[in-house]
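Take a look at the letters that make up each chain.
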Amino acid sequence: MYKQTLYGFRSPLVAGIFETFLFLLYTSFIETAAGTELSSFLYYLTITLVFALVSVYIFIGAAVKYEYALLDSELILRKFVMGKIRRIYSVSLVRSSCVYCNKGIRFITTSASETKHLYHIGFIPFAKKCAIVFTDRDGIKRKLIFKPDKELDELIYRVKTAEW
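Here the structure is a predicted model, which is why all the values come from computation and not from measurement. (Residues numbered from 1 in each chain as written. Predicted model: local features only at pLDDT ≥ 70, side-chain atom pairs only at ≥ 80, totals over all residues. Heavy atoms only, no water.)

**Some points on unusual backbone geometry**
The criterion, for reference: Helical segments are the DSSP runs of H or I of at least four residues, strand segments are the runs of E of at least two, and each set is numbered from the N terminus. Each residue's exposure class comes from its accessible area (1.4 Å probe, protein chains only) as a fraction of the maximum for that residue type: buried when under 20%, exposed when over 50%, partly exposed otherwise.
Although it is not a glycine, aspartate 72 sits at a positive phi angle of roughly 55°. Structurally, aspartate 72 is set in the loop between β2 (64-71) and β3 (74-81). Residue classification places aspartate 72 among the exposed positions, given a relative accessible area of 68%. Here methionine 82, not a glycine, exhibits a phi torsion of approximately 55°, which is positive. Following the sequence through the fold, methionine 82 ends up in the loop between β3 and β4 (84-92). A residue is classified by how much of its surface remains accessible, and methionine 82, at 60% relative accessible area, is exposed.

The structure is reproduced here in C-alpha coordinates:
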(Lines give C-alpha, C1' and ligand atoms only; values in the text may rest on other atoms or scores of the structure.)
Protein backbone atom coordinates (compact mmCIF):
# COMPACT_ATOMS: atom_id res chain seq x y z
CA MET A 1 0.00 0.00 0.00
CA TYR A 2 1.19 3.47 -0.86
CA LYS A 3 -0.26 6.53 0.88
CA GLN A 4 0.26 10.25 0.32
CA THR A 5 -1.35 13.29 1.95
CA LEU A 6 -1.39 16.76 0.39
CA TYR A 7 -2.01 19.86 2.47
CA GLY A 8 -2.61 23.40 1.26
CA PHE A 9 -1.18 24.85 4.48
CA ARG A 10 -0.09 22.52 7.26
CA SER A 11 -0.56 25.26 9.86
CA PRO A 12 -3.54 27.63 10.15
CA LEU A 13 -1.07 30.19 11.50
CA VAL A 14 0.64 30.41 8.09
CA ALA A 15 -2.73 30.91 6.40
CA GLY A 16 -3.56 33.63 8.94
CA ILE A 17 -0.27 35.43 8.24
CA PHE A 18 -0.94 35.31 4.49
CA GLU A 19 -4.47 36.62 5.00
CA THR A 20 -3.23 39.47 7.22
CA PHE A 21 -0.61 40.44 4.64
CA LEU A 22 -3.22 40.32 1.89
CA PHE A 23 -5.62 42.51 3.89
CA LEU A 24 -2.90 45.10 4.54
CA LEU A 25 -1.99 45.07 0.84
CA TYR A 26 -5.67 45.48 -0.07
CA THR A 27 -6.10 48.50 2.23
CA SER A 28 -2.88 49.97 0.85
CA PHE A 29 -4.25 49.79 -2.70
CA ILE A 30 -7.52 51.41 -1.57
CA GLU A 31 -5.69 54.23 0.26
CA THR A 32 -3.33 54.84 -2.68
CA ALA A 33 -6.21 55.24 -5.13
CA ALA A 34 -8.33 57.45 -2.87
CA GLY A 35 -8.50 60.98 -4.21
CA THR A 36 -6.69 60.20 -7.47
CA GLU A 37 -7.95 59.58 -10.98
CA LEU A 38 -7.80 55.82 -10.29
CA SER A 39 -10.58 56.08 -7.71
CA SER A 40 -13.44 54.75 -9.76
CA PHE A 41 -16.11 52.20 -8.93
CA LEU A 42 -14.58 49.70 -11.37
CA TYR A 43 -11.14 49.98 -9.71
CA TYR A 44 -12.59 49.37 -6.22
CA LEU A 45 -14.71 46.50 -7.51
CA THR A 46 -11.72 44.84 -9.21
CA ILE A 47 -9.48 45.19 -6.15
CA THR A 48 -12.22 43.83 -3.89
CA LEU A 49 -12.89 40.84 -6.17
CA VAL A 50 -9.18 39.97 -6.31
CA PHE A 51 -8.97 40.25 -2.51
CA ALA A 52 -12.05 38.04 -2.08
CA LEU A 53 -10.85 35.36 -4.52
CA VAL A 54 -7.37 35.11 -3.00
CA SER A 55 -8.95 35.00 0.48
CA VAL A 56 -11.15 32.08 -0.61
CA TYR A 57 -8.09 30.23 -1.96
CA ILE A 58 -6.25 30.81 1.32
CA PHE A 59 -9.25 29.48 3.27
CA ILE A 60 -9.46 26.42 1.02
CA GLY A 61 -5.72 25.83 1.44
CA ALA A 62 -6.13 25.96 5.22
CA ALA A 63 -9.31 23.86 5.45
CA VAL A 64 -8.86 21.16 2.81
CA LYS A 65 -6.44 18.26 2.53
CA TYR A 66 -6.36 15.29 0.18
CA GLU A 67 -5.22 11.74 0.73
CA TYR A 68 -4.26 9.34 -2.05
CA ALA A 69 -3.73 5.65 -1.44
CA LEU A 70 -2.89 2.85 -3.83
CA LEU A 71 -3.99 -0.50 -2.45
CA ASP A 72 -3.08 -3.39 -4.78
CA SER A 73 -4.85 -2.28 -7.97
CA GLU A 74 -7.28 0.23 -6.50
CA LEU A 75 -6.70 3.98 -6.25
CA ILE A 76 -8.50 5.60 -3.31
CA LEU A 77 -8.84 9.39 -3.22
CA ARG A 78 -10.21 11.06 -0.10
CA LYS A 79 -11.07 14.72 0.44
CA PHE A 80 -11.02 16.09 3.99
CA VAL A 81 -12.58 19.44 4.93
CA MET A 82 -11.76 20.74 8.42
CA GLY A 83 -10.54 17.25 9.33
CA LYS A 84 -13.74 15.42 8.31
CA ILE A 85 -14.08 13.19 5.26
CA ARG A 86 -16.28 14.87 2.64
CA ARG A 87 -15.79 12.70 -0.43
CA ILE A 88 -14.22 9.33 -1.24
CA TYR A 89 -13.48 8.03 -4.72
CA SER A 90 -12.39 4.47 -5.35
CA VAL A 91 -11.05 3.65 -8.81
CA SER A 92 -10.20 0.14 -9.95
CA LEU A 93 -7.15 0.48 -12.20
CA VAL A 94 -7.32 -2.98 -13.78
CA ARG A 95 -10.03 -4.60 -15.84
CA SER A 96 -11.76 -1.26 -16.14
CA SER A 97 -12.08 1.41 -18.76
CA CYS A 98 -10.34 4.07 -16.69
CA VAL A 99 -7.86 6.30 -18.51
CA TYR A 100 -4.86 7.69 -16.64
CA CYS A 101 -3.07 10.72 -18.06
CA ASN A 102 0.02 12.47 -16.70
CA LYS A 103 1.19 15.29 -18.97
CA GLY A 104 2.30 17.95 -16.50
CA ILE A 105 0.62 21.34 -16.47
CA ARG A 106 -0.84 21.01 -19.98
CA PHE A 107 -2.82 17.85 -20.49
CA ILE A 108 -5.78 16.60 -22.48
CA THR A 109 -7.90 13.67 -21.42
CA THR A 110 -11.18 12.39 -22.67
CA SER A 111 -14.09 14.58 -21.73
CA ALA A 112 -16.31 13.55 -18.85
CA SER A 113 -19.84 14.55 -17.98
CA GLU A 114 -18.70 15.87 -14.63
CA THR A 115 -15.24 17.17 -13.79
CA LYS A 116 -14.22 17.12 -10.17
CA HIS A 117 -11.14 19.12 -9.23
CA LEU A 118 -9.47 17.55 -6.23
CA TYR A 119 -7.56 20.75 -5.60
CA HIS A 120 -8.06 24.37 -6.53
CA ILE A 121 -6.48 25.45 -9.81
CA GLY A 122 -5.47 28.82 -8.40
CA PHE A 123 -3.53 27.24 -5.57
CA ILE A 124 -0.15 26.86 -7.26
CA PRO A 125 1.69 24.61 -4.78
CA PHE A 126 -0.06 21.88 -6.78
CA ALA A 127 1.55 22.72 -10.12
CA LYS A 128 1.78 19.29 -11.73
CA LYS A 129 -1.53 17.87 -12.80
CA CYS A 130 -2.70 14.38 -13.57
CA ALA A 131 -6.13 13.10 -14.44
CA ILE A 132 -7.97 9.84 -14.34
CA VAL A 133 -11.25 9.31 -16.18
CA PHE A 134 -13.49 6.50 -14.96
CA THR A 135 -17.11 5.41 -14.64
CA ASP A 136 -18.33 5.40 -11.06
CA ARG A 137 -20.81 3.03 -9.42
CA ASP A 138 -23.75 5.20 -10.54
CA GLY A 139 -22.70 4.91 -14.19
CA ILE A 140 -21.54 8.54 -14.39
CA LYS A 141 -18.29 9.19 -16.21
CA ARG A 142 -16.04 11.33 -14.00
CA LYS A 143 -12.66 12.99 -14.42
CA LEU A 144 -10.56 13.52 -11.30
CA ILE A 145 -7.70 16.00 -11.55
CA PHE A 146 -5.03 15.58 -8.89
CA LYS A 147 -1.32 15.85 -8.15
CA PRO A 148 0.59 12.67 -7.43
CA ASP A 149 4.23 12.52 -6.56
CA LYS A 150 6.73 10.65 -8.73
CA GLU A 151 6.45 7.38 -6.80
CA LEU A 152 2.63 7.28 -6.96
CA ASP A 153 2.75 8.08 -10.68
CA GLU A 154 5.15 5.18 -11.30
CA LEU A 155 2.99 2.79 -9.25
CA ILE A 156 -0.19 3.74 -11.12
CA TYR A 157 1.61 3.36 -14.44
CA ARG A 158 2.96 -0.06 -13.41
CA VAL A 159 -0.51 -1.27 -12.39
CA LYS A 160 -2.12 0.07 -15.59
CA THR A 161 0.47 -1.56 -17.88
CA ALA A 162 0.74 -4.93 -16.08
CA GLU A 163 -0.65 -8.05 -17.70
CA TRP A 164 -3.59 -9.25 -15.60
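**Digging into the environment of arginine 158**
Looking at the secondary structure, you find arginine 158 in helix α3 (residues 150-161). The class for arginine 158 is exposed, based on a relative accessible area of 53%. Measuring from C-alpha to C-alpha, the distance between arginine 158 and serine 73 comes to 9.8 Å, with 85 residues separating the pair along the chain.

**Here we look at the nonpolar core**
Proteins that are soluble and globular tend to have nonpolar side chains buried together. Rules: Take the buried residues of types Ala, Val, Leu, Ile, Met, Phe, Trp, Tyr and Cys, join any two whose side-chain atoms come within 4.5 Å, and each joined set is a nonpolar core.
Core analysis: the biggest nonpolar cluster contains 24 residues, and Leu75, Leu77, Val91, Leu93, Ile132 and Phe146 have the highest contact counts within it. Every element with two or more residues in this core is listed here: β1 (2-7), α2 (41-63), β2, β3, β4, β7 (130-135), β8 (141-146) and α3. The dominant element in this core, judged by the number of residues it contributes, is β2, at four residues. Judged by nonpolar contacts, the second largest core, of nine residues, contains Phe9, Tyr26, Ala33 and Tyr43.

**Structural notes on the pairing of β3**
Worth spelling out the cut-off: By this definition, two strands are paired if DSSP reports at least two bridges between them.
With eight bridges connecting them, β2 and β3 associate as antiparallel partners. Within the sheet, the bridge partner assigned to leucine 70 lies in β3 and is leucine 75. If you look at the hairpin formed by β2 and β3, you'll find two residues sitting between the two strands, and aspartate 72 has a positive phi there, around 55°. The pairing of β3 with β4 spans eight bridges and is classified as antiparallel. Considered in β4, the bridge of lysine 79 is made with arginine 87.

**A few points about the packing of aromatic side chains**
Our working definition: Think of it this way: a Phe, Tyr or Trp ring, Trp meaning its six-membered ring, pairs with another when their centres are within 6.5 Å, and the plane angle makes it stacked under 30 degrees, edge-to-face over 60, tilted otherwise. Distance and angle both matter: a charge sits over a ring if NZ of Lys or CZ of Arg is within 6 Å of the ring centre and within 35 degrees of the ring normal.
Within this structure, the stated rule accounts for four aromatic pairs. Their ring planes at 45° and their centres at 5.5 Å tell us that phenylalanine 9 and phenylalanine 18 sit as a pair that is tilted. What makes phenylalanine 18 partly exposed here is its relative accessible area of 43%. Plain terms: the ring middles of tyrosine 43 and tyrosine 44 are 5.7 Å apart, the flat faces sit at 70° to each other, and that makes the pair edge-to-face. Three or more aromatic residues joined by ring pairs make a cluster, and in this case those are Phe23, Tyr26 and Phe51. A cation over a ring is seen here: lysine 65 above phenylalanine 80, with NZ or CZ 5.0 Å from the ring centre.

**Some details on the pattern of salt bridges**
Note the following rule: The term salt bridge refers to a pairing of a side-chain nitrogen on Lys or Arg with a carboxyl oxygen on Asp or Glu at a separation within 4 Å.
On inspection of all chains with the given rule, the structure shows two salt bridges. For glutamate 67, the salt bridge identified is with arginine 78, shortest N-O distance 2.3 Å. Residue glutamate 67 is located in strand β2, and its partner arginine 78 is located in strand β3; the two are separated by 11 residues in the primary sequence. With relative accessibility at 24%, the residue arginine 78 sits in the partly exposed group.

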